[in-house]
Number of protein chains: 2
Amino acid sequence: MYRIGELAKTCGINTDTLRFYEKHGLLAPSKRTVSGYRVYSADDAARLQFILRAKAVGFSLSEIADLLSIELDKANWACSDVKTMVDDKLLQVKQRIAELERFRRSLQILSDTCCGGPASAEHCSILQALESCDVSRSERLLDKETHTHHHAPVQGDCKC
Amino acid sequence: MYRIGELAKTCGINTDTLRFYEKHGLLAPSKRTVSGYRVYSADDAARLQFILRAKAVGFSLSEIADLLSIELDKANWACSDVKTMVDDKLLQVKQRIAELERFRRSLQILSDTCCGGPASAEHCSILQALESCDVSRSERLLDKETHTHHHAPVQGDCKC
DNA sequence: CTTGACCTTGGATTAAACTCCAAGGTTTAT
DNA sequence: ATAAACCTTGGAGTTTAATCCAAGGTCAAG
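Residues numbered from 1 in each chain as written. Chains lettered and ligands numbered in written order. Predicted model: local features only at pLDDT ≥ 70, side-chain atom pairs only at ≥ 80, totals over all residues. Heavy atoms only, no water.

Asks: What should I look at first to understand the overall build of chain A in this one?
Replies: Of the regular secondary structure elements, chain A holds 7 helices and 3 strands. In chain A, the succession of α and β elements from N to C terminus is β-α-α-β-β-α-α-α-α-α. Burial analysis of chain A (160 residues in total) assigns 41% to the buried set. Sequence-distant contacts, at least 24 apart, represent 50% of the contacts inside chain A between residues at least 6 apart. Counting only carbon and sulfur atoms, one obtains 52% of the accessible surface of chain A, whose full area is about 8,300 Å². (Helix = DSSP H or I, 4+ residues; strand = E, 2+ residues; numbered from the N terminus. Buried < 20%, exposed > 50% of the residue type's maximum accessible area, 1.4 Å probe, protein only. Contact = heavy atoms within 4.5 Å. Areas by Shrake-Rupley, 256 points an atom, 1.4 Å probe, with all protein chains shown as cover.)

Okay, here's the thing in structure tokens:
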């Protein structure tokens with residue numbers, strides 16, 4: 001059992017954020033003290049964890065609310081509804097992962113192509129690659145480099 | 001060479017968004033017509049692609065601006081500065097991928113555990129799992145299921 | 001030479017997701 | 001029994017990222 005301040009602290013968020021989530025139907029404390037203080041159970045805390053993870057992963061609060069809303073009105077949902085919705089989100093997550101992987105590869109290539117040395121970046125290929133977003137060019141450059149010499153670029157051996 | 005409307009259309013965004021990005025230093029057209037119309041080059045378009053990809057992947061406009069700002073003032077940046085910044089973003093991307101993978105696994109387990117049948121979701125394990133976010137419980141359930149019988153749940157054989 | 005589809009600017013408005021504030025009630029430690 | 005540290009509500013303010021609007025300029029087609 002946590003009071004709002006404790007829960008907020010352990011989750012690294014603001015108490016106002018918790019009240020905000022409550023107002024928007026994402027998470028209500030399962031109890032109140034006689035004096036009206038919010039009291040959160042372990043289940044409430046777990047639910048918050050889910051919300052925070054979903055948020056960290058790029059879902060909007062209303063999307064998260066969609067996922068959680070099922071619960072409010074269980075009897076009126078069929079298993080198929082639930083599965084459809086979850087599978088839908090699952091697809092979105094997979095697509096997001098794929099997009100992130102593409103972005104990661106681009107950045108990796110940019111990083112690998114640059115020596116990281118103290119020279120001015122004025123003619124640095126990393127910038128040219130970013131500028132034109134022409135990753136294939138960087139890939140060719142890097143590929144050549146790998147075949148002829150070594151993989152990790154060294155100080156002073158920069159393509160800048 | 002594109003005018004603002006064309007570029008916006010091909011990229012699936014609003015012309016106002018392009019003007020907004022310009023105002024905030026993310027993307028300026030490399031030319032203007034005599035009459036003041038914006039004219040975007042292929043490089044400008046590529047830069048926009050980069051911005052849109054970075055955005056899709058969860059970076060804020062100011063983070064993207066950071067990455068792109070290097071370019072505005074090339075001579076005053078060393079290769080090491082550039083590499084540091086890119087490696088920094090790279091780490092963020094990797095962490096985001098890891099978080100997404102964890103989320104994906106949770107959703108996958110939830111999906112696998114539910115039959116998707118027409119029965120009421122009133123007692124559906126998918127909901128219980130979401131509620132408590134107790135994925136390990138679902139994992140155990142699913143594991144047992146897999147060992148004893150079959151992997152893909154069938155209509156009418158739901159743990160609801 | 002005008003109609004319709006473009007474009008310009010500056011400023012207002014929106015939506016999401018907080019974050020802060022004021023005025024007051026509650027708890028706990030000394 | 002009183003200060004410090006909590007909590008309550010309602011409402012206002014902030015930030016980010018657009019999106020919309022008004023008043024007017026440009027341009028190709030008929």
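After presenting the structure, the write-up continues.
Asks: Help me out: how do you make sense of the protein's contact with DNA strand C in this one?
Replies: The environment of DNA strand C is formed by 18 residues, the closest being D16, Y21 and Y37 of chain A together with G5 and R38 of chain B. Sugar plus phosphate: this is where 74% of the atoms of DNA strand C within 4 Å of the protein reside. Listing elements by their share of the surface near DNA strand C, those giving two or more residues are α2 (15–23) of chain A together with α1 (4–11) of chain B. The element contributing the most residues to the surface near DNA strand C is α2 of chain A, with 4 residues. Per-class residue counts for the surface near DNA strand C are 6 nonpolar, 6 polar and 6 charged. (Near = heavy atom within 4 Å. Nonpolar A, V, L, I, M, F, W, Y, C, P; charged D, E, K, R; others polar.)

Asks: Is there a simple way to explain the protein's contact with DNA strand D in this structure?
Replies: As a matter of local geometry, DNA strand D sits amid 18 residues, with G5 and R38 of chain A together with D16, Y21 and Y37 of chain B nearest to it. Atoms of DNA strand D within 4 Å of the protein belong to the sugar or the phosphate in 75% of instances, the rest to bases. Take R19 of chain A: an N or O atom from its side chain is 3.0 Å from a phosphate oxygen of DNA strand D. Here a phosphate oxygen of DNA strand D and a side-chain polar atom of Y21 of chain B are 2.7 Å apart. Those elements giving two or more residues to the surface near DNA strand D turn out to be α1 (4–11) of chain A together with α2 (15–23) of chain B. For the surface near DNA strand D, the element with the highest residue contribution is α2 of chain B, accounting for 4 residues. For the surface near DNA strand D, the residue count by class is 6 nonpolar, 6 polar and 6 charged. (Polar contact = N/O pair within 3.5 Å; in protein donor to acceptor, adjacent residues only side chain to side chain.)

Asks: Where do I start with the pattern of salt bridges in this structure?
Replies: A side chain with one charge may pair with a side chain of the opposite charge, provided their charged atoms come close. Residue and element names in this part refer to chain A. On inspection of all chains with the given rule, the structure shows 12 salt bridges over all chains. Residue E63 pairs with K89 through a salt bridge whose shortest N-O separation is 3.9 Å. Here E63 is found in helix α4 (residues 61–72), whereas its partner K89 is found in helix α5 (residues 79–113), with 26 residues between them in sequence. Here R102 ties to E99 by a salt bridge, and the two come within 3.5 Å at their closest N and O atoms. Within this pair, R102 and its partner E99 are both found in helix α5, separated by 3 residues, close to a single helical turn. Overall, R102 belongs to the partly exposed group, its relative accessible area being 39%. (Salt bridge = Lys/Arg side-chain N within 4 Å of Asp/Glu carboxyl O.)

Asks: I tried to follow the sheet that holds strand β3 (residues 38–40) of chain A on my own but got confused; where do I start?
Replies: Within a sheet, each strand pairs with its neighbour through backbone hydrogen bonds, oriented either parallel or antiparallel. All names here are of chain A. One open sheet holds the 3 strands; their spatial order is β1-β3-β2, and the pairing between them is antiparallel. The strands lining the two open edges of the sheet, one partner per strand, are β1 (2–3) and β2 (31–32). Relative to β3, β1 runs antiparallel, the two being bridged by 2 bridges. Paired with R3 across the two strands is V39, which belongs to β3. (Pairing = 2+ DSSP bridges.)

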